[in-house]
Amino acid sequence: MAAKKSRLAPEVNRILYVRNLPFEISSEDMYDIFGRYGPIRQVRVGNANDTRGTAFVVYDDIFDAKNAVENLNGFNVKGRYLIVLFHQQTRMLKKVDTKKKAEELERLKENQSTE
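So, here's what we can say about the structure. The model shown is predicted, which means the values in this text are computed figures rather than measured ones.

Here is what the cut-offs are and how they apply
Residues numbered from 1 in each chain as written. Predicted model: local features only at pLDDT ≥ 70, side-chain atom pairs only at ≥ 80, totals over all residues. Heavy atoms only, no water. Buried < 20%, exposed > 50% of the residue type's maximum accessible area, 1.4 Å probe, protein only. Helix = DSSP H or I, 4+ residues; strand = E, 2+ residues; numbered from the N terminus. Pairing = 2+ DSSP bridges. Core = buried A, V, L, I, M, F, W, Y, C linked by side-chain atoms within 4.5 Å. Contact = heavy atoms within 4.5 Å.

**A short note on the pairing of strand β6 (residues 83-86)**
At step 1: Burial along β6 is one-sided: the residues V84 and F86 are buried and none of I83 and L85 is.
At step 2: Bridge analysis of strand β1 (residues 15-19) against β6 gives 4 bridges, and the strand direction is antiparallel. Paired with R19 across the bridge in β6 is I83.

Structure representation (structure tokens):
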């Protein structure tokens with residue numbers, strides 16, 4: 001019998017973006033929580049002021065990542081409910097582009113006011 005292939009949504013990938021984490025969470029805690037769903041290649045926990053409470057989790061297998069999203073989105077960790085999403089590079093790039101355009105617009109405004 002041929003194995004049935006399941007189709008995944010286009011946004012599904014091996015990299016997860018996790019928000020609403022407790023600030024005091026460690027990488028070891030993340031490995032304990034997310035490691036239940038498969039082998040993890042890397043965990044990056046945000047430690048700067050603007051990235052605290054967020055993390056990236058990279059799985060070896062895309063199906064493990066999908067399983068983690070399905071089971072951990074809304075999971076309670078130290079009184080906070082996790083928001084677990086598939087990382088979307090295009091969205092992150094759009095945010096950076098928006099910042100650059102805003103800076104360029106401000107520069108142009110300053111040039112126009114001086115003339």
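**A look at the nonpolar core**
Across soluble globular proteins, nonpolar side chains show a tendency to be buried alongside one another.
At step 1: L16, V18, M30, F34, V57, Y59 and V84 are the most contacted members of the largest nonpolar core, which has 22 residues in total.
At step 2: For this core, the secondary-structure elements that each account for two or more residues are β1, α1 (27-34), β2 (40-45), β3 (55-59), α2 (62-72) and β6.
At step 3: Among the elements that line this core, the one with the most residues is α2, at 4 residues.
At step 4: Apart from residues no more than four positions distant in its own chain, V84 is found in contact with L16, Y17, V18, F34, V69, L72 and N73.

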